[in-house]
Amino acid sequence: MRPTSFRISRRRLLAGAALLAPLAVLRHGRAQSADPFTLGVASGCPRPDRVVLWTRLAPQPLEGGGMPDQSVPVEWEVAADERFERIVRRGTFDAVPAHGHTVHAEPAGLEPGRPYWYRFRAMGTESPVGRTRTAAAAGAPLERFRFAFASCQMYEHGYFSAYRHMAADELDLVVHLGDYIYEMSWGRRHVRRHNAAIPTELWEFRDRWALYKSDPDLRAAHAAAPWVAIWDDHEVANDYTGDRSPRMADPEQFLRVRAAAYQCYWEHMPLPMAAAPSGSAMRIYDRYRFGDMLDLTLLDDRQYRSHPPCGGGRTSTTADCSERGDAARTMLGAEQERWFAERMADAQGRWTIVAQQTLMAELDRKAGEGKSFWMDGWDGHPAARERLLGAIAAGRPANPVVISGDVHAFWAADLKQDFDDPASPTLASEIVGTSISSQGPSESTIRTGLAENPHIRYARGDKRGYVRMTLEKGSARADLFAVDDPFEADSAVSPLAAFAIEDGRPGVVPI
Ligand SMILES: [Fe+2]
């Protein structure tokens, strides 16, 4: 049965038609409607009584969007059933040119812990239907919570089959850990191409985001479940730290790029209006609760990070860079560190997931004597890592599990109080998802990593994919899924490995 059509006022219909006509005539020579929903629909930031609904009007997605320079009303509807027979909320959101005609509708007054369906209508066209889910009320009993996490989707390196698999999985939530877009080209083999050079202006970032969202599997994953997301570096510039980019000498010039990049991030994610950036600043760290099962903390280790020590080399040995160990070095900044310690102290879920950008376990990359570290991650900021793990130890949240991206490989690790002493207490477990498509590290990097770091239990660098976490009362399970062939648009996705984390016993155990 066809869903019931939207109820739209005559005034709005007329306004929509008037807007559409000149466009349509110009581009096609005759009056016809162009689909404004080419970038799909999404939902996110689920709370017990609300969720954010997202879309962007873009009939010409790769050419600036193709919208007139005026605001356009977008009707939205939320239904309690897939057929939209029981519509529970509806409203209108004015999509404005200053925000790239994106929609960030925030229906409130929803029921906790249940699915909803939503859709939009604008310019005489109805959007695809999305499915979302509100969070269960904090403390409400939950038997199970299932979510997937993903990162690093280099468009040129492969197709996003992992998302097609994820979309079919009926998840409660998807967590994105960054590198949703790549600003630059790199890598050994490309299956498709970026549409332009490195973006620095707002309109250039918009076209890059639109290109990534042209992937149908990515759109399907957004339409299937609510998302929460954090960025890493490539949404802005490779390896940037705070107000500095290795590519741009002038911090003022870089902060202008960062402002455009953050603006585009906010525009294209299902984030609330209140999360919009102010200039080059935007807060993305946050905490979500899902019943009595999960406290989910999202961190930002890019925006407030210290600059690289010792001249900015990418790797460093313990001997050649003492500045690396400086206690003043930070990944989160003082304010977020304080906030994090409070969140660890007042966590209430059976599981405490800390979602952040990059590998947290120490990774000595040097075979044999001595140690060598990658400086663009926690290993470049060991004092900050100690403080973070110290906050977990002091706050004593139940079952802390760190989930990470960025490094384009699967890793499973025990996060130790002292990485030099295998007998020291394990303070938390860590699971690193591989990339959706970005090319990974060499086999020798993986071999050395496993040989030199006894707290690392598993590593696999040659597979693209994602991790699905299933949280239950007695244990959590991490299922690692791998794309059979990232160069095939319709590749199958297969289970690769699985790990358990037992209630009350930090550390990953192979299943
Ligand atoms: Fe990446």
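Thresholds, definitions, all that
- Residues numbered from 1 in each chain as written.
- Predicted model: local features only at pLDDT ≥ 70, side-chain atom pairs only at ≥ 80, totals over all residues.
- Heavy atoms only, no water.
- Pairing = 2+ DSSP bridges.
- Helix = DSSP H or I, 4+ residues; strand = E, 2+ residues; numbered from the N terminus.
- Axes fitted to C-alpha atoms, helices over the stretch in contact; angles between N-to-C directions.
- Contact = heavy atoms within 4.5 Å.
- Buried < 20%, exposed > 50% of the residue type's maximum accessible area, 1.4 Å probe, protein only.
- Polar contact = N/O pair within 3.5 Å; in protein donor to acceptor, adjacent residues only side chain to side chain.
- Disulfide = S-S within 2.5 Å.
- 1 Å grid on protein atoms, 1.4 Å probe; cavity = no way out; pocket = protein on both sides within 12 Å on 5 of 7 lines; lining within 4 Å.
- Points joined across faces, edges and corners; volume = space filled by probe spheres on them.
- Nonpolar A, V, L, I, M, F, W, Y, C, P; charged D, E, K, R; others polar.
- Core = buried A, V, L, I, M, F, W, Y, C linked by side-chain atoms within 4.5 Å.
- Domains from an automatic or database assignment.
- Buried area = accessible area lost by both parts, 1.4 Å probe.
- Donors = N, O, S within 2.8 Å, 3.2 Å for Na, K, Ca; no water.
- Parallel < 35°, antiparallel > 145°, perpendicular 65-115°, else oblique.
- Left-handed = near helix turned anticlockwise from the far one by under 90°.
- Right-handed = clockwise from strand over helix to strand, strands pointing away.

1. A closer look at the sheet that holds strand β13 (residues 294-298)
Spatially, the 7 strands line up as an open sheet ordered β12-β13-β15-β17-β19-β18-β20, and their pairing is mixed. In this open sheet, the two edge strands, each paired with only one partner strand, are β12 (286-290) and β20 (456-460). Pairs of neighbouring strands in the sheet enclose a mean axial angle of 20°, with direction left out of account. Sheet contacts for helix α7 (residues 382-395): β17 (400-405), β18 (410-416) and β19 (426-432); angle to β19, the most-contacted strand, approximately 120°. Sheet strands touched by helix α8 (residues 443-452): β18 and β20. Its angle to β20, the strand with the most contacts, is close to 175°.

2. Things to note about unusual backbone geometry
The phi dihedral of Cys45 is positive, around 50°, even though this residue is not glycine. Looking at the element boundaries, Cys45 is found in strand β1 (residues 41-47). Unlike most non-glycine residues, Met123 shows phi in positive territory, near 50°. Its place among the elements puts Met123 in the loop between β6 (115-122) and β7 (125-126).

3. As for the side chain of Asp376
If you trace the backbone, Asp376 turns up in the loop between β16 (372-374) and α7. Taking relative accessible area as the criterion, Asp376 reaches 11% and is therefore assigned buried. Within the structure, the side chain of Asp376 is placed 2.7 Å from the side chain of Arg302, a separation counted as a polar contact. Excluding its chain neighbours within four sequence positions, the residues that come into contact with Asp376 are Asp233, Asp239, Thr241, Arg302, Arg305 and Arg314.

4. Observations regarding the state of the cysteines
In this structure the tally under the stated criterion is 1 disulfide. Covalent S-S linkage joins Cys310 and Cys321, the inter-sulfur distance amounting to 1.9 Å. One disulfide, between Cys310 and Cys321, carries an S-S torsion of 85° and so falls in the right-handed class. Of the two residues, Cys310 sits in the loop between β13 and β14 (315-317) while Cys321 sits in the loop between β14 and α6 (333-345), which places them 11 residues apart along the sequence.

5. Quick word on the layout of surface pockets
Empty space among the atoms can be located by rolling a probe the size of a water molecule over them. In this structure, the largest pocket spans a volume of roughly 650 Å³. Lining the largest pocket are 30 residues, with Arg314, Trp374, Asp406, Val407 and His408 positioned closest to its centre. A breakdown of the residues in the lining of the largest pocket according to their chemical character gives 11 nonpolar, 9 polar and 10 charged.

6. What to know about the nonpolar core
Counting 81 residues, the largest nonpolar core has Phe147, Val175, Leu296 and Leu471 as its most contacted members. It is helix α5 (residues 251-268) that provides the largest number of residues to this core, a total of 8 residues. Contacts of Val175, omitting those with residues within four sequence positions, involve Phe147, Ala148, Phe149, Ala150, Val228, Leu296, Leu298, Ala355 and Ile403. If you look at the next biggest cluster of nonpolar residues, it comprises 30 residues, including Leu363, Phe419, Leu427 and Ala428.

7. A short note on the domain arrangement of the protein
Once the domains are mapped, the protein shows domain 1 (1-80 + 118-134) and domain 2 (145-510). Computed from C-alpha atoms alone, the centre-to-centre distance between domain 1 and domain 2 is 32 Å. Summing both sides of the interface, domain 1 and domain 2 together bury roughly 2000 Å²; the carbon and sulfur share of this comes to 57%. Three residues, Trp54, Leu62 and Arg131, lead the burial of domain 1 against domain 2; their summed loss comes to 27% of the area buried on that side.

8. Topic: the coordination of the iron ion
Protein coordination at the iron ion comes from Cys152 (SG), Asp179 (OD), Tyr182 (OH) and His408 (NE2), with a distance range of 2.1 to 2.5 Å. Mapped onto the polypeptide sequence, the residues donating to the iron ion form the spacing pattern C-x26-D-x2-Y-x225-H. Of this pair, Tyr182 sits in the loop between β10 (173-176) and α3 (202-213) while His408 sits in the loop between β17 and β18, placing them 226 residues apart in sequence. Both residues of the pair, Tyr182 and His408, belong to the buried class.

9. So, the packing of α6 against α7
Running from N to C, α6 and α7 point in directions that differ by 25°, and their axes come no closer than 7 Å. One finds that α6 runs roughly parallel with respect to α7. Crossing handedness for the pair α6 and α7: right-handed. Along the contact surface, α6 presents Glu337, Phe340, Ala341, Met344 and Ala345, while α7 presents Ala384, Arg387, Leu388, Ala391, Ile392 and Gly395. Here the contact of α6 with α7 is built from residues that sort into 8 nonpolar, 1 polar and 2 charged.

10. Focus on the pairing of strand β9 (residues 145-150)
Counted residue by residue, β9 has 6 buried out of 6 residues, so it is predominantly covered. Where burial is concerned, the two faces of β9 agree: the one with Phe145, Phe147 and Phe149 and the one with Arg146, Ala148 and Ala150 are both buried. Of the pairings in the sheet, the one linking β9 to β10 comprises 4 bridges and is parallel in character. Residue pairing in the sheet places Ala150 in a bridge with His176 of β10. Where the polypeptide runs from β9 across helix α2 (residues 161-167) and back to β10, its parallel neighbour, the crossover connection is right-handed.

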